[in-house]
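Listed below are the residues making up each chain.
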Amino acid sequence: MNETVRRRSNTRARLIEAAESLLAEAGMLSFSIDAVCKQAGFTRGAFYSNFGNINDLLFALYEHKTRILFDELSAMPPFEPGIDLEKAVERLLDAVPSDANWYALRAVFALQSQGSNDIEQALHEHSRDLQHRLMPFVGGLLDAAGLAPAISLAETTQIVIAAHVGAVLQGALVENKEELRRNSMLSALHGAADLEPADRTLYALSAVPGGILKVDTASGDTATLVESLSVVPDGVVLDRENNELVFTHMGEPDEEPVNGGEPPFYQRNGGIRALSLETGAIRTVVEDGAFTTGKQLARDAATGRLYWSDREDHGVYRCEADGSNITALVRTSGSTPSEIEDQCVGVAVDAVNGYLYWTQKGEAKGGQGRILRAGLELPEGADAARRTDIELLWENLPEPIDLELELDSNLLYWTDRGAEPDGNTLNRAQIPAAGDRGGVVEVVARGFKEAIGLALDHGRGVAFVSDLGGHVYEVSLASGQVRVVLSGSAMLTGVVLG
């Protein structure tokens, strides 16, 4: 930073600090430019070289205080299991501001935003970021207290934010404003919580030998539901209506694995099966041989339609709930410099906005990974190999595998089994708008052993990751803290929450 830029940055910071002091002293938003300059020790020229008017300065102050809040939330440690709800709320209240001026600033700019697209956009971004950053803490707080949200975690967080803002603004009219803050938060959480104990069940697929495990994520206790499958299961979803686990498989390996490694799969013998959680019976959904190597599986709950990637056959497919009408949605053969870069692995479905997402992992540890997106339906006149609506969102990733969407926060999560330091990780990024490329990728957690499966627990603010090292991990989405749920198992692939 050169000297001129450094001086201007310091001037701007001191003007913001002066505005904050005047706001605290006056308790109102109306003060003059001259008052700010006098407080900061600068001329009006210095003011106008940084801000166009008082509103610009006040908005900079609002953004400054917002960044401080986000920093405090990022530094906040996770809640200990079994913590009393009141103590957990007190810890959360220590991190969020009780300064009524901060909320008053926001209220004023919310009113002014009707005439300014820039202010409106900034406020929406701040609100989304605040909700995104608070959601894992609200989920973790409820989980640590043995509760779960009765509605979505996003809605629960919005209620908590509204209750807190109201309590802070009302605080000037009551004798004990901190007690009002605490009671408002507790009431909001109790009202949004489901008093029934949350289901902690996770289902995990073991690759070799093929099987299905039922895991209690709280205790790590494991039961084997299916064992000794001749095929290798990979992707799994829960059909709640029929109480079935539906899973893809890659067929039987071409040859036996060597030294615990992955065997090759080039025979066309993949399929989809379903396990009844009531009877234990397994039925065929899609006949073996309908595709080559079934990888991650996604399900549209509204229609029951199934979507999956076929790694060796370079495509993404869809079928109806009963396995009929198999349709190739994407064919990637020849779309990249090498055949292995054409291989599709992960898949996620956004039925709300009509998008299909998938990963192409590239060479093992090769840094060739991609994440792409297209419409859920083929464009008119197009076929799976010649779509005109495919968007390349991210490229040159280590080796992305399974995907999960969190639409409430506009986030895409994925596992990556590539080379460290950015491989063998859990990652997330904001979902880009139509036509835009993906932005900054955040590594949530590291240190997995060939990370594969991914399941998001939106209510508790955690993710579960499985790996070929035979582990299941619980990851706090707020702090990135990792807890080993299961270890010493066979190679694990897909996972889904009960």
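Fair warning: this is a prediction, and the values are worked out from it, not measured in the lab.

S.K.: Teacher, can you tell me more about the overall build of the protein here?
M.R.: Tallying secondary structure elements over the protein gives nine helices and 26 strands in all. Relative to its length of 498 residues, the protein is compact, with a C-alpha radius of gyration of 26 Å against a globular reference of 23 Å. Across its three principal axes, the protein shows a C-alpha extent of roughly 80 × 50 × 45 Å. Burial statistics for the protein: of 498 residues in total, 51% are counted as buried. In the protein, of all internal contacts separated by at least 6 residues, the share reaching a separation of at least 24 is 52%. Here the protein displays about 21,800 Å² of accessible surface, and carbon together with sulfur accounts for 47% of that area. Where the 42 positive side-chain charges of the protein centre and where its 73 negative ones centre are 6 Å apart.

S.K.: Would you take a moment to explain the packing of aromatic side chains for this structure?
M.R.: Aromatic ring pairs are defined here through the distance separating the ring centres and the angle between the ring planes. Inspection of every chain in the model, using the stated rule, returns eight aromatic pairs. Ring centres 5.4 Å apart and planes at 85° place the aromatic pair Phe 47 and Tyr 48 in the edge-to-face group. On the basis of relative accessibility, which here comes to 0%, the residue Phe 47 falls in the buried class. On the numbers, 6.2 Å between centres and 65° between planes, the contact of Tyr 355 with Tyr 357 is edge-to-face. Following the ring pairs from residue to residue traces out a cluster consisting of Phe 47, Tyr 48 and Phe 51.

S.K.: Mind showing me how you'd approach the side chain of Thr 156 here?
M.R.: One can find Thr 156 in helix H8 (residues 153-170). Given the relative accessible area of 0%, Thr 156 is considered buried. Beyond its immediate sequence surroundings of up to four residues, Thr 156 is in contact with Val 138, Leu 142, Pro 149, Ile 151 and Ala 192.

S.K.: What is the right way to look at the sheet that holds strand E10 (residues 294-299) in this model?
M.R.: Sheet architecture is open: four strands sit in the order E10-E11-E12-E13, paired in antiparallel fashion. The open sheet has two edge strands with one neighbour each: E10 and strand E13 (327-331). On average, each strand axis in the sheet is tilted by 20° relative to the strand beside it, whichever way the strands run. Note: strand E12 (residues 315-319) against E13, four bridges, orientation antiparallel.

S.K.: Just checking my understanding: could you explain the pattern of salt bridges for this structure?
M.R.: Pairing of side chains with opposite charge becomes possible as their charged atoms draw close. The final tally for this structure, using the stated rule, is 25 salt bridges. The partner of Asp 239 in a salt bridge is Arg 299, and the shortest N-O contact between them spans 3.2 Å. In this pair, Asp 239 is assigned in strand E6 (residues 233-239) and Arg 299 in strand E10, connecting sequence segments 60 residues apart. A salt bridge links Glu 244 to Arg 283; the nearest nitrogen and oxygen atoms lie 2.9 Å apart.

About the thresholds
Residues numbered from 1 in each chain as written. Predicted model: local features only at pLDDT ≥ 70, side-chain atom pairs only at ≥ 80, totals over all residues. Heavy atoms only, no water. Helix = DSSP H or I, 4+ residues; strand = E, 2+ residues; numbered from the N terminus. Rg over C-alpha atoms; globule rule 2.2 N^0.38 Å. Buried < 20%, exposed > 50% of the residue type's maximum accessible area, 1.4 Å probe, protein only. Contact = heavy atoms within 4.5 Å. Areas by Shrake-Rupley, 256 points an atom, 1.4 Å probe, with all protein chains shown as cover. Lys, Arg positive; Asp, Glu negative; His and termini not counted. Charge placed at Lys NZ, Arg CZ, Asp CG, Glu CD. Phe/Tyr/Trp six-rings, centres within 6.5 Å; stacked < 30°, edge-to-face > 60°. Pairing = 2+ DSSP bridges. Axes fitted to C-alpha atoms, helices over the stretch in contact; angles between N-to-C directions. Salt bridge = Lys/Arg side-chain N within 4 Å of Asp/Glu carboxyl O.

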